Amino acid sequence: MAPSITVRTVLVNRHLHRQLPDSLADTRFPDNTITTTKYSLITFLPKNLFEQFRRLCNFYFLCLAGIHLSIESPVSPMTSLLPLVVVITVTAVKQAYEDWLRHCEDTKVNNAPSRVLRDGVITEVRRSKVIVGDIVEVRENEEFPCDLLLLTSRDPGAKCEVTTANLDGETNLKTFRCPSDTRDLRSSDDLWKLRATIRCQAPHANLYDFKGCLEVYRGNAEPARASLGSENLLLRGTKLKNTTTVYGVAVYTGKETKMALNSKLKSTKFSSVEKSMNYLLLFFLALLVLEILGCMLLKYQLYGQDVTNKMWYLDLPTNETITAADVYQDGVSFLVIFSYIIPISLYVTLEMQKFLSTLFLKWDQDLVGGEKNEAAHVNTSDLNEELGQVKYLFTDKTGTLTENIMHFRQCSVQGVKYADVAGILQILDESGTTNRPLPELPEALVSFLETLALCHSVQLTLPSPARSEGKEKGSPKELELQDMSPEYQASSPDEKALVDACARFGVVLRGQWEDRITLDVLGRRKLFTRLQVLDFDSDRKCMSVVVRDEASERIWLLTKGAESSVLRRCRVRTADERAVHDATLTHINHYAMLGLRTLAVARRELHRRQYQSFARQLLYARQMLEGREEAVKQVVNRMEAKLSLLGATGVEDLLQEGVQETLEALRVAGIKVWMLTGDKVETAVNIAYSCGHFKRFMTILSLTGLQDPEHAASTLQQCQEGSSAEGAYGLVVDGVSLELLLTHLRKDFYRLCRRCWAVVCCRMTPGQKAETVRLVKTSKESPVCAAIGDGANDVSMIQEAHVGLGIMGKEGRRAVRCSDFGIARFRFLQKLFFVHGHWNYVREAVFVQHSFYKNITFNTPMLFYCIWNAFSTQSVYESLVLTLYNITFTTLPVLVYGISEQNLPPDLLMSRPHLYQRNSNNALMSWRVFFKWNLFGLWHAVVMYTGLVLVCYDSTCGLPQGQTSDLYLFGMSLGTLCVFVTNFKIAVQANYLSVLFVGSLVLTILGYSAQYLLYCGLPVEPFSRLGMYWVYYRMFQSPALLLACVLLGVVCLLPDLLEKVCDHSTDRERRLRRKGVQCNGKESLRTRVGVINEALDLG
């Protein structure tokens, strides 16, 4: 096996410099064609058929059709072939149409125009003709045709702004920068003369990871080298903004672009109903085998008996010997006539029902909300019913329970507390209750605000009038003249809130041009040069910038981040430093108790030689292709050491409307909620109390600060002993402790979690969130887990859960795109779970049970008739009813039921969340319910068959002119009665008789009658020569037979009606509703939650 290639070399302009080996010119890369289709004209038929026949039901009927054609079948082979062909054709046409739409979109994208540099001239070509190494021109508001390494930009700051909404859903602008060695190339001639190579990683799917090295050749000198990172790579699917033109070299094209590598389908999820359905299919297959074996044994027992010796017309063997050919013929013949116990249309009809159900969810106006009044999103229709089975909900905090709208509230500087009071910074006493204005800002506070105004990734956007006058944004002249209020854009709401707060307090970020940053500090202009940016990462949990104050030429390293990371990097040598450290930590804990998000802020002065040494080390580390992260981490850790602590910030994130009511309703519904957040323990616990996740009467257990497995085991043992008594318990665990618990004490930890009403996990990484979901999902009980979040860091948790829910929040749309369902607000979970989840589960469970029931009702008379005809494998039904029973005769009413049934009204479900528990643990798909349905089917079959046998026992059967009944008339009467009974069975089951449902029943009955009126009445060949000719009309010639069919239908459905009446009369909720006790759902829940909370807290 050839070793995998981890590095690729790209020749800019595909020009080979004389210092490079000739072999590089022969390197071939994929073209820029994008293909999202699954099929081609050649592969569609075999590939689609293979996919469809992987389904057990379809494969079963394929084998059956083959058997039909290979033997002397007791019924027409069309009874198996036609339904199979219809189901396969409908599915194939649907999938072909969807693939054709993808093909049309691919063609549109591949033929879109792009501009590339060829022979020194900008030439327009189709996008699919862009080749690795081409220099591509992209203009404002255009999408990048492939993954481009940014070379130069018309922006004077040698950068460009890009929106990545098509990739990760984030709508904020991101800034990308040109390498220093190519930023001054402006003309096409300069770009064409460029001789350079790019050494970078082989294609991979991580959107945020790119490492490379640019080598620029000038004559015979050694090439100039520049490190490349993700801030230099413009990805396909993103769009250029606020920059007139950029030029980049194609690095990854076609199927190797990051967008294409991220377009692979995620793993398929299966609902509880679908899993149960597969077990039911296996049960019926086993039942089919038993029926075949039983009939064959009984048939062979009859050989040589007096009763069969008189049946000369059966042509039974006279020597009582049974050959292998006899066994094969009898076995497959019984298989053919009993095969209809499996509903062939189950899968395709269920898919239609699920798809149509999602439309009603999207159209629900109660689920419309958010800043843009967006409706619910449905990314898959396979999990509609799973919304009604959730036992655990894992939720993010920021942006999910809260608004993700940040407001600066307080800060601590050099041990002194300050608060934002009506936009003015005032000093607070230690109690935090009184404040007084500041005559002027202390120097330490100004330095603190300067640090916040410099250490960030915020982008400055000038007001629109400046751009409309044709000025280049960020030019030096503009930096001097622009005095209008700036507009800030940031990927993190925290950073924007902090920069906005600095501007309110007199430290205003005025402009950014190249690496120069201009601040207005209390009316005085200050200019800084940004030398380095050390981006935030989840390991360091902080970010830093290195800036030079141009007035004093002092170099500062400025850092902000989680206090757990920053405080341990701070120098604590003197008593003053210790006092500031302790006071700041006390204030941080106080902010956390107030529910504020906290950051620690520090800085360090670097001497010129010290910085130059760090810069050389950092440049070398960043130019490495292998082991770059570790090398950079080591250098950064040395830089971010011996910091001087400045203070801390407290930013408020408001709770969303209706969060407390929703959490209480979920608890009443039997759904356990776990909050998984990256915030510190105190902040998360305080938010848990304020939103009602934790109650004041709860005993809160803590598994935080665990150091080693022994410490973890002893603390866990104490918590288990403390929770052994009856009571309400909550649990708090942090990320470090969770890692120990999941590694060494997984089962014991989960047992403790099961005893708790509410769990809060803090300082969680995205991987830990997913692992926590997996802990519960894979437990012995296998509960249905749902996860909800709004950010990219929640995606792994969302995809791990049985049901993934995305919030349309301010951290982009990646969570919504990767989820199964997307909603605008957390409170919409009530309608989603209690109404749509409840209805969809009932609909689909009844749909599946009815599908099996109707085939038991239809197939059992076949077994009875086998006994009646001495197991001669003669079918009691005619071929047409065998063919169309599952396809048309019994499909429409149950399909309409599956999209319109409302077993309980929505206001009742919303106001009484405990009703959600009625269907928990897949109750309607249990073996008890399954056998109840099929006992009804067996009853219907017995009544219909024995009743008609008794009616037809008299050979005339009430027919005029002495006509005698025959098998055709008996089979027609039985088939017609079966169609009517099974269709009216779903009508009895329905609780909401809409016009659409009643219309489907009428249409089915009229359609059935019309088909047989034509089939049995056309006086032309071949219909006039069939045994069924005029049979349907003969059935109406016998009033006795018609009356018997009506009475038998009533007798069949009478137990069903009695059960329905009994269920309704014993249902307490329905009785209360009939008495008018039910109150309005909108006002009742909030009032009831308040009363419950007050009572419990007092208790």
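Structure first, text after, so check above.
Quick notes on the rules
Residues numbered from 1 in each chain as written. Predicted model: local features only at pLDDT ≥ 70, side-chain atom pairs only at ≥ 80, totals over all residues. Heavy atoms only, no water. Helix = DSSP H or I, 4+ residues; strand = E, 2+ residues; numbered from the N terminus. Expected span 1.5 Å × (residues − 1). Buried < 20%, exposed > 50% of the residue type's maximum accessible area, 1.4 Å probe, protein only. Contact = heavy atoms within 4.5 Å. Pairing = 2+ DSSP bridges. Salt bridge = Lys/Arg side-chain N within 4 Å of Asp/Glu carboxyl O. Patch = residues over 30% accessible without salt bridge, like charges linked within 9 Å, V, L, I, M, F, W, Y side chains within 5 Å. Areas by Shrake-Rupley, 256 points an atom, 1.4 Å probe, with all protein chains shown as cover. Axes fitted to C-alpha atoms, helices over the stretch in contact; angles between N-to-C directions. Parallel < 35°, antiparallel > 145°, perpendicular 65-115°, else oblique. Left-handed = near helix turned anticlockwise from the far one by under 90°. Nonpolar A, V, L, I, M, F, W, Y, C, P; charged D, E, K, R; others polar.

**Section: helix 9 (residues 324-338)**
In this model, helix 9 (15 residues) spans 21 Å end to end at C-alpha, consistent with the 21 Å of a helix rising 1.5 Å per residue. Of the residues making up helix 9, those classed as buried are Asp330, Gly331, Val332, Ser333, Phe334, Leu335, Val336, Ile337 and Phe338. At its buried positions, helix 9 is contacted by helix 2 (56-70), helix 7 (272-302) and helix 27 (829-868).

**So, the pairing of strand 27 (residues 597-606)**
Among the 10 residues in strand 27, eight count as buried, and that is most of the element. Inspection of the sheet shows strand 26 (residues 555-561) paired to strand 27 by seven bridges, in the antiparallel sense. Bridge pairing in strand 27 links Lys560 to Val601. Where strand 27 and strand 28 (residues 644-655) come together, seven bridges link them in antiparallel fashion. Bridging from a neighbouring strand, Thr598 pairs with Gly650 of strand 28.

**Observations regarding unusual backbone geometry**
At Asn13, a position not held by glycine, the phi torsion is positive, near 65°. By the secondary structure assignment, Asn13 is in the loop between strand 1 (7-11) and helix 1 (44-52). For Thr873, which is not glycine, the phi torsion reads 60° and is therefore positive. Structurally, Thr873 is set in the loop between helix 27 and helix 28 (879-889). According to the relative accessible area criterion, Thr873 is buried, its value standing at 11%.

**Some points on the pattern of salt bridges**
Going through the model one piece at a time under the given rule, you end up with 46 salt bridges. Here Arg14 and Asp134 are joined by a salt bridge, their closest N and O atoms 2.3 Å apart. A residue pair is termed long-range when its members are at least 10 positions apart, and Arg14 in the loop between strand 1 and helix 1 and Asp134 in the loop between strand 3 (121-126) and strand 4 (135-139) qualify at 120 residues. Across the pair Glu771 and Arg774 runs a salt bridge, and its minimum N-O distance is 2.2 Å. Separated by three residues within a single helix, Glu771 and Arg774 lie in helix 24 (residues 766-777), roughly one turn from each other. Residue class for Glu771 comes out partly exposed when judged on its relative accessible area of 22%. A single salt-bridge network, built from bridges that share partners, covers Arg746, Glu771, Arg774, Lys777 and Glu800.

**Digging into a nonpolar patch on the surface**
Nonpolar side chains collect at one region of the surface, where Leu56, Tyr279, Leu282, Trp927 and Phe931 lie side by side and expose about 530 Å² of accessible area between them. Within the residue set of the nonpolar patch, elements represented by two or more residues are helix 7 and helix 31 (927-951). The residue Tyr279 is located in helix 7 in this model. For Tyr279, a relative accessible area of 55% puts it in the exposed group.

**What about the environment of Ser333?**
Here Ser333 lies in helix 9. A residue is classified by how much of its surface remains accessible, and Ser333, at 2% relative accessible area, is buried. The sequence separation of Ser333 and Ser872 amounts to 539 residues, and the corresponding C-alpha distance is 9.2 Å. In this view, Ser333 contacts Ile71, Glu72, Pro74 and Thr873; residues no more than four positions away in its chain are not counted.

**Here we look at the side chain of Glu844**
Along the chain, Glu844 turns up in helix 27. Accessibility expressed as a relative area gives 0% for Glu844, which makes it buried. When neighbours within four sequence positions are excluded, Glu844 is seen to be in contact with Val273, Gln353, Lys354, Asn384 and Glu385.

**Considering the packing of helix 10 (residues 346-363) against helix 29 (residues 892-900)**
Orientation of helix 10 relative to helix 29, taken along the N-to-C sense of each, is 30°, at an axis distance of 8 Å. Looking at the two axes, helix 10 sits roughly parallel to helix 29. As helix 10 runs across helix 29, the sense of the crossing is right-handed. On the side of helix 10, the interface is formed by Thr349, Met352, Gln353, Leu356, Ser357 and Phe360, while helix 29 contributes Leu895, Gly898 and Ile899. When the residues that make up the contact of helix 10 with helix 29 are grouped by side-chain class, the tally is five nonpolar, four polar and no charged.

All quantities given are derived from atomic positions and should not be read as evidence of function.
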